Amino acid sequence: MTKTVCIGSDHAGFALKEVLTSYLSGLGYTVEDLGPAAATSCDYPVFAQKVCEKVLNDNIFGILVCGTGIGMSMAANRHEGIRAALCTNEFHARATRQHNNANVLCLGERVTGPGVAMELARIFIETPFEGGRHQRRIDLFDAK
């Protein structure tokens, strides 16, 4: 993976998206903000689609933020090749990368504070996939 991350939210995740964009930029990542540009009411599936397309096309990580993280994770996981994980603690963020090779982190602004969210994003991006038996299981996701 590259040092580029894309991020999107809806109105309920806008403030946390702004915090994460600044934080990750400070760590040296190029952060592509795919919207929205303001905290006005909007539809989260639109921004989930933008982020998922960018993740798949550019082979980068994505971060999606809404009020709970649930809607974004549901919308993102509708895209073949996306493995989006709603993470609420460090173990989730680390294990979903190690074992599930997740490529999109989902967070909820209304349930996860900014300090925790920043640490979850860093762990998610920096944790490598372990491969091996885990790859075999991931391959079964899209088996027909």
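What counts and how
- Residues numbered from 1 in each chain as written.
- Predicted model: local features only at pLDDT ≥ 70, side-chain atom pairs only at ≥ 80, totals over all residues.
- Heavy atoms only, no water.
- Helix = DSSP H or I, 4+ residues; strand = E, 2+ residues; numbered from the N terminus.
- Rg over C-alpha atoms; globule rule 2.2 N^0.38 Å.
- Buried < 20%, exposed > 50% of the residue type's maximum accessible area, 1.4 Å probe, protein only.
- Contact = heavy atoms within 4.5 Å.
- Areas by Shrake-Rupley, 256 points an atom, 1.4 Å probe, with all protein chains shown as cover.
- Patch = residues over 30% accessible without salt bridge, like charges linked within 9 Å, V, L, I, M, F, W, Y side chains within 5 Å.
- Salt bridge = Lys/Arg side-chain N within 4 Å of Asp/Glu carboxyl O.
- Axes fitted to C-alpha atoms, helices over the stretch in contact; angles between N-to-C directions.
- Parallel < 35°, antiparallel > 145°, perpendicular 65-115°, else oblique.
- Left-handed = near helix turned anticlockwise from the far one by under 90°.
- Nonpolar A, V, L, I, M, F, W, Y, C, P; charged D, E, K, R; others polar.

Draft legend 1. Looking closely at the overall build of the protein. Assigned secondary structure in the protein consists of six helices and five strands. Start at the N end of the protein and walk to the C end: the helices and strands fall as β-α-β-α-β-α-β-α-β-α-α. For the protein, whose C-alpha radius of gyration is 14 Å, the value lies close to the compact-globule estimate of 15 Å for 144 residues. If one aligns the C-alpha atoms of the protein with their principal axes, the spans along those axes are about 45 × 30 × 25 Å. A burial count over the protein gives 47% of its 144 residues as buried. For the protein, the proportion of contacts with a sequence separation of at least 24, taken over those separated by at least 6, is 69%. Within the structure as shown, the protein displays about 7100 Å² of accessible surface, and the carbon and sulfur contribution to it stands at 52%.

Draft legend 2. Just a nonpolar patch on the surface, in detail. On the surface, I70, M74 and L86 cluster together into a nonpolar patch covering about 270 Å² of accessible area. You can see M74 is positioned in helix 3 (residues 70-76).

Draft legend 3. Fine view of the side chain of H134. Here H134 is to be found in helix 6 (residues 133-139). We classify H134 as buried; its relative accessible area is 5%. Setting aside residues no more than four positions away along its own chain, H134 makes contact with Q98, H99 and F129.

Draft legend 4. Focus on the packing of helix 4 (residues 90-100) against helix 5 (residues 114-126). With their axes 8 Å apart at the nearest point, helix 4 and helix 5 run at an angle of 20 degrees to one another. As summarised for this structure, helix 4 and helix 5 are arranged roughly parallel, according to the angle between their axes. With respect to the hand of their crossing, helix 4 and helix 5 are arranged in right-handed fashion. Contacts between helix 4 and helix 5 involve E90, A93, R94, T96 and R97 from the first element and E119, L120, I123 and F124 from the second. Among the residues making up the contact of helix 4 with helix 5, the classes are represented as four nonpolar, one polar and four charged.

Draft legend 5. Quick peek at the side chain of N101. Tracing the backbone through its elements, the reader meets N101 in the loop between helix 4 and strand 5 (104-108). Sequence-distant contacts of N101, that is, excluding residues within four places in its chain, are made with R83, T96, F129 and I138.

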